[in-house]
Every structure is written in structure tokens, then in C-alpha cells.
Amino acid sequence: MSAIDDLPPLREVIKRHELRARKSLGQNFLLDLNLTARIARAGGPFEGISVLEVGPGPGGLTRALIAQGAHVVAIERDQRAIAALGGIAARYPDRLNVIAGDALAFDPRPHLAAPARVVANLPYNIATALLVQWLTAEPWPPWYDRLVLMFQREVALRITAAPGSKTYGRLSVLAGWRTNARILFDIAPSAFVPPPKVTSSLVELVPRERPLACASGLLQRVTEAAFGQRRKMLRQSLKSLGGDPLELLSATGIAPTARAEDIPVEGFVALARALAARKRA
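Keep in mind that this is a model prediction, so the values were computed, not measured. (Residues numbered from 1 in each chain as written. Predicted model: local features only at pLDDT ≥ 70, side-chain atom pairs only at ≥ 80, totals over all residues. Heavy atoms only, no water.)

1. Points about the overall build of the chain
- When helices and strands are counted, the chain shows 11 helices and nine strands.
- Relative to its full complement of 281 residues, the chain shows a buried share of 52%.
- In the chain, 71% of the contacts between residues at least 6 apart in sequence involve partners at least 24 apart. (Helix = DSSP H or I, 4+ residues; strand = E, 2+ residues; numbered from the N terminus. Buried < 20%, exposed > 50% of the residue type's maximum accessible area, 1.4 Å probe, protein only. Contact = heavy atoms within 4.5 Å.)

2. Concerning the pattern of salt bridges
- As enumerated under the stated definition, the model contains 13 salt bridges in all.
- One salt bridge in this structure joins Glu12 and Arg16, with 3.0 Å as the shortest N-O distance. Pair noted here: Glu12 and Arg16 are both in helix H1 (residues 10-16), with a separation of four residues, about one helical turn.
- For Glu12, a relative accessible area of 38% corresponds to the partly exposed category. (Salt bridge = Lys/Arg side-chain N within 4 Å of Asp/Glu carboxyl O.)

3. Description of the nonpolar core
- Formed by 62 residues in total, the largest nonpolar core has its most connected members in Leu52, Trp134, Leu149, Phe151 and Phe268.
- The dominant element in this core, judged by the number of residues it contributes, is helix H11 (residues 265-280), at eight residues.
- Excluding residues that lie within four positions of it along the chain, Trp134 makes contacts with Leu52, Val54, Val118, Leu122, Trp140, Trp143, Tyr144, Leu147 and Leu149.
- Leu65, Ile66, Val72 and Phe185 belong to the second largest nonpolar core, which has 27 residues in total. (Core = buried A, V, L, I, M, F, W, Y, C linked by side-chain atoms within 4.5 Å.)

4. Concerning the sheet that holds strand S5 (residues 116-121)
- Pairing in this open sheet of seven strands is mixed, and the strands run S4-S3-S2-S5-S6-S9-S7 from one edge to the other. Only two strands of the sheet have a single partner each, and these edge strands are strand S4 (96-100) and strand S7 (179-187). Ignoring strand direction, the axes of neighbouring strands in this sheet form an average angle of 20°.
- In the sheet, S7 pairs with strand S9 (residues 200-207) via eight bridges, with the strands oriented antiparallel. Bridge pairing in S9 links Asn180 to Val206.
- The strands touched by helix H4 (residues 79-91) are strand S3 (71-76) and S4; relative to S4, the strand with the most contacts, the crossing angle is about 165°.
- Sheet contacts for helix H7 (residues 170-178): S7 and S9; angle to S7, the most-contacted strand, approximately 120°. (Pairing = 2+ DSSP bridges. Axes fitted to C-alpha atoms, helices over the stretch in contact; angles between N-to-C directions.)

5. Observations concerning the pairing of S5
- The element S5 is largely enclosed, with a buried count of six among its six residues.
- Examined bridge by bridge, strand S2 (residues 50-54) and S5 share three bridges and lie parallel to one another. Its bridge partner being in S5, Leu52 is matched across the sheet by Val118.
- Strand direction decides the pairing type here: S5 and strand S6 (residues 144-152), joined by five bridges, are parallel.

6. Quick notes on unusual backbone geometry
- Following Trp140, the chain continues into Pro141 via a peptide bond in cis, with omega recorded as 0°.
- Turning to its location among the elements, Pro141 is positioned in the loop between helix H5 (127-135) and S6.
- With omega at -10°, the peptide bond leading from Val193 into Pro194 counts as cis.
- Along the polypeptide, Pro194 turns up in the loop between strand S8 (192-193) and S9.

7. So, the side chain of Ser50
- Within the secondary structure, Ser50 sits in strand S2.
- Non-local contacts of Ser50, meaning those with residues more than four positions away in its chain, are made with His71, Leu112, Ala113, Pro115, Ala116 and Arg117.

8. Some thoughts on the packing of aromatic side chains
- If you walk through the whole model with that rule in mind, you get four aromatic pairs.
- Ring centres of Trp143 and Tyr144 lie 5.1 Å apart, and the angle between their planes is 85°; this geometry places the pair in the edge-to-face category. An identical accessibility class is assigned to Trp143 and Tyr144; each is buried.
- Ring geometry for Tyr168 against Phe227: centres 5.8 Å apart, planes inclined by 75°, an arrangement best described as edge-to-face. Here the residue Tyr168 occupies a position in the loop between helix H6 (153-160) and H7, and Phe227 occupies one in helix H8 (residues 216-228), the gap between them amounting to 59 residues. (Phe/Tyr/Trp six-rings, centres within 6.5 Å; stacked < 30°, edge-to-face > 60°.)

9. With respect to the environment of Trp140
- Within the secondary structure, Trp140 is located in the loop between H5 and S6.
- Spatially, the C-alpha atom of Trp140 lies 8.7 Å from that of Pro207, the residues being 67 residues apart in sequence.
- Here Trp140 is in contact with Trp134, Leu135, Arg178, Thr179, Pro207, Arg208, Glu209 and Pro211, once residues within four sequence places are set aside.

10. Observations regarding H11
- With 16 residues, H11 extends 23 Å from end C-alpha to end C-alpha; this agrees with the ideal 22 Å at 1.5 Å per step.
- Taken together, the buried positions of H11 are Val265, Gly267, Phe268, Val269, Leu271, Ala272, Ala274, Leu275 and Ala276.
- On the buried face of H11, the contacting elements are H7, H8 and helix H10 (245-252). (Expected span 1.5 Å × (residues − 1).)

Purely geometric numbers; function is a separate question.
Structure (C-alpha cells):
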């Protein structure tokens, strides 16, 4: 019996279902229930909230979320984990809905009551792609009120980076455009099974109600071009967008000699708007 509920210890669950973490699925399991409780508290309070959890594995965080009062929709593609989660669903039938599927192809909205929130120890091999999906959701404000997500620390630093730093990049711009992002705390490799080679960080992203208006697709194109050749001046790196980059830069008041890492979110939004205006012309 565990400290938070009357279900079997996680190591026993893993042994029973032969649930060894698979690198191909980006799995690193959190077995410390004190730590999963801390993550759940960081994502709360949960009164009246539907929570999406991606890649729950043996259910350590799932159990902590339920213990904190959450109603959880869990998306999982590993059949072994789905069998393990069945014990939690049987114990809390009205609090946990386990869905078998690929999170990248899954639309959670029909399964979640509003307001909704995402709290997850994301599989590391799809974490960035999932975040980009959620940051470019339409309409905006999105279907979630907060994202509380585990990333490898280097990714967390990229998400929260400010202009002028070496870690500032495409992900920083997308996150900064539509959300307020911050690192809540770090988690040592030893907390996971198997232990990854790097530290992890829990990141909170709170949607801005009124982000600067621009098309997310064009913003992504501009940032891909600019950061794809981040050491080059924008007059050179933006050539991949087609047309004369000097026209875009002149329209936005950005120096042609500037580099991507020095341009704030507002500058990239202005470039995306200028690109949209050029397409309409």
C-alpha cells in the first residue's frame, strides 16, 4: 500500500505488468510518490478541472493527480502501461479515463470538460512536438488554462529563454508569444527509472489572453528561417523565405545586420505580419 492511496506500490505494478521503460517510447518513469505529489501540487488546485496526462506509464503521477482531486484523461500508447493503469481506473472509475492512442494524433478536446489543464511527465521523444501543437492551437485562448510539463532541462531553458541568450530560439519565441513560461523546479536524474543522462525541469506555461495578432504558421516560417542560420545576419538568413529580406526588415524597422538571437518576440511577430502583407500584395 502506498502513502497516497490503497493501491499497490509502483515497483510491484511494474513487475506484475513487465513494464520496463522503453527508450523507443521515450519512457522514464517517476516512482517517488513524494515527487509525483509535488508535481501534482504544482499543477493544482484541481477543483472543477479536467486534466490531460500524456504518457502516464505505470501511473505514479496519475495517482498523485487523483489524490489531489483531479479528474484525469490519460493518453497512452504502450499496451503494458494501459493494463497497469486498469487497476487505477477500477479503483477510481469516475476519476480516470484511459485512452489508447498516439498523443501526437490525439484531439483531447472531446474528452475533456472545460476548464482543462495538461499536467504530464512527457515522453521525451515527442515532448517538443506536442508543445508546439499546443502553442499553435486555434482558436486562442486555447482549450487549456495551463500547461505543467516535464522536459529535459536543456529544452526547458530553450522554452523560457530571453532574447540575447544562447538558448533563445524558435521554441522561446513560440512560447513567449502566446504564454508566460517559467521553470518551477528541477528534478535529478536519480528520480527516474531508468535514470536519464540529464536533469529534468518542470515548466509552467500560462496562456496570454490577448497575444500579439499574427498567423502562427507564418511566425513558425520566420523563426525557422532566422534560427536555421542563427549566426548569420537576418538580411542573409531570411532569404530562404523568398523575395527580398530587406523589404521585410525595412517594413519592421529591424536592422538588416541584426541576428535572430537578438530579436524579441515582438520583432518576430512584426516580421510574420510583414510577410503576410507581402503575400497579399
